[in-house]
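What the coordinates show
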Amino acid sequence: MSPPASRPSPSSRSLLVACAALLAALAAGCGSGAARGPDAGAEITSIDARLRGSFRLVRFEPEVPLEPMLASMLEFQYAHLVVRFDGKRILADSPGLHVDRVYEIRDPAWDRFKLVSYDEAGVAYEALCEFSEQGELVVHAQTPPWKGVATLRRAQ
């Protein structure tokens with residue numbers, strides 16, 4: 001007989017919730033509205049081509065310092081969390097965490113754009129994103145408790 005399945009501890013559940021919140025924050029920011037203008041479609045296509053692929057979370061600078069437990073959980077994600085954009089879905093994976101959401105690109109302007117993702121209930125989360133000169137994806141998140149700036153680097 002196999003041992004009974006263990007339930008996640010409260011701290012493990014907190015980690016899953018915290019990581020899910022961080023991923024929501026990666027898709028949470030400011031403003032709304034679809035891209036407009038004759039060149040918006042071409043600009044969105046260009047941004048989409050640059051966005052497709054896998055990225056690793058390398059930094060998150062919270063607007064308000066995180067409590068020690070959440071800060072520790074976040075540190076673990078730097079080495080493990082991989083976020084993949086496939087043109088329609090954002091998939092984020094690390095040990096004990098899997099997030100799969102639909103996303104869209106709006107309001108492209110040079111290296112900046114708005115990323116809108118939708119959770120399972122259809123709630124929209126927006127983020128103002130930009131490609132840095134170093135080729136990183138910088139995400140300005142506006143949703144508590146993960147208000148701050150996340151940096152993602154292309155995975156090798």
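As a reminder, the structure under discussion sits directly above these lines.
Residues numbered from 1 in each chain as written. Predicted model: local features only at pLDDT ≥ 70, side-chain atom pairs only at ≥ 80, totals over all residues. Heavy atoms only, no water.

Moving on, we get to helix H2 (residues 40-51). With twelve residues, H2 should cover 16 Å at 1.5 Å per step; its first-to-last C-alpha distance of 16 Å lies within 8% of that length. Turning to H2, its buried residues are Ala-40, Ile-47, Asp-48 and Leu-51. Buried positions in H2, seen along its axis, are confined to an arc of 105° and lie on one side of it. Within H2, the exposed residues directed more than 90 degrees away from the buried face are Ala-42, Thr-45 and Ala-49. (Helix = DSSP H or I, 4+ residues; strand = E, 2+ residues; numbered from the N terminus. Expected span 1.5 Å × (residues − 1). Buried < 20%, exposed > 50% of the residue type's maximum accessible area, 1.4 Å probe, protein only. Arc of directions from axis to C-beta.)

Turning our eyes to something else, we now look at the nonpolar core. Within the largest apolar cluster, 28 residues are counted, with the highest numbers of intra-cluster contacts made by Leu-51, Phe-85, Phe-113 and Leu-137. Ignoring sequence-local partners within four residues, the contact set of Leu-137 consists of Leu-51, Phe-55, Phe-85, Phe-113, Cys-129, Glu-130, Phe-131, Ala-150, Thr-151 and Leu-152. (Core = buried A, V, L, I, M, F, W, Y, C linked by side-chain atoms within 4.5 Å. Contact = heavy atoms within 4.5 Å.)

Our focus in this paragraph is the sheet that holds strand S3 (residues 89-94). Ordered in space as S1-S2-S3-S4-S5-S6-S7-S8, the eight strands form a closed barrel in which the pairing is antiparallel. Pairs of neighbouring strands in the sheet enclose a mean axial angle of 35°, with direction left out of account. The sheet contact formed by S3 and strand S4 (residues 97-109) spans six bridges and is antiparallel. Residue pairing across strands places Leu-91 opposite Asp-100, the latter belonging to S4. Contacts from H2 reach strand S1 (53-62), strand S2 (82-85), S4, strand S5 (112-118), strand S6 (124-131), strand S7 (137-141) and strand S8 (148-154), with the element oriented near 145° to S4. In the packing of helix H3 (residues 68-80) onto the sheet, the strands contacted are S1, S2, S3 and S4, and the crossing angle to S1 comes to about 155°. (Pairing = 2+ DSSP bridges. Axes fitted to C-alpha atoms, helices over the stretch in contact; angles between N-to-C directions.)

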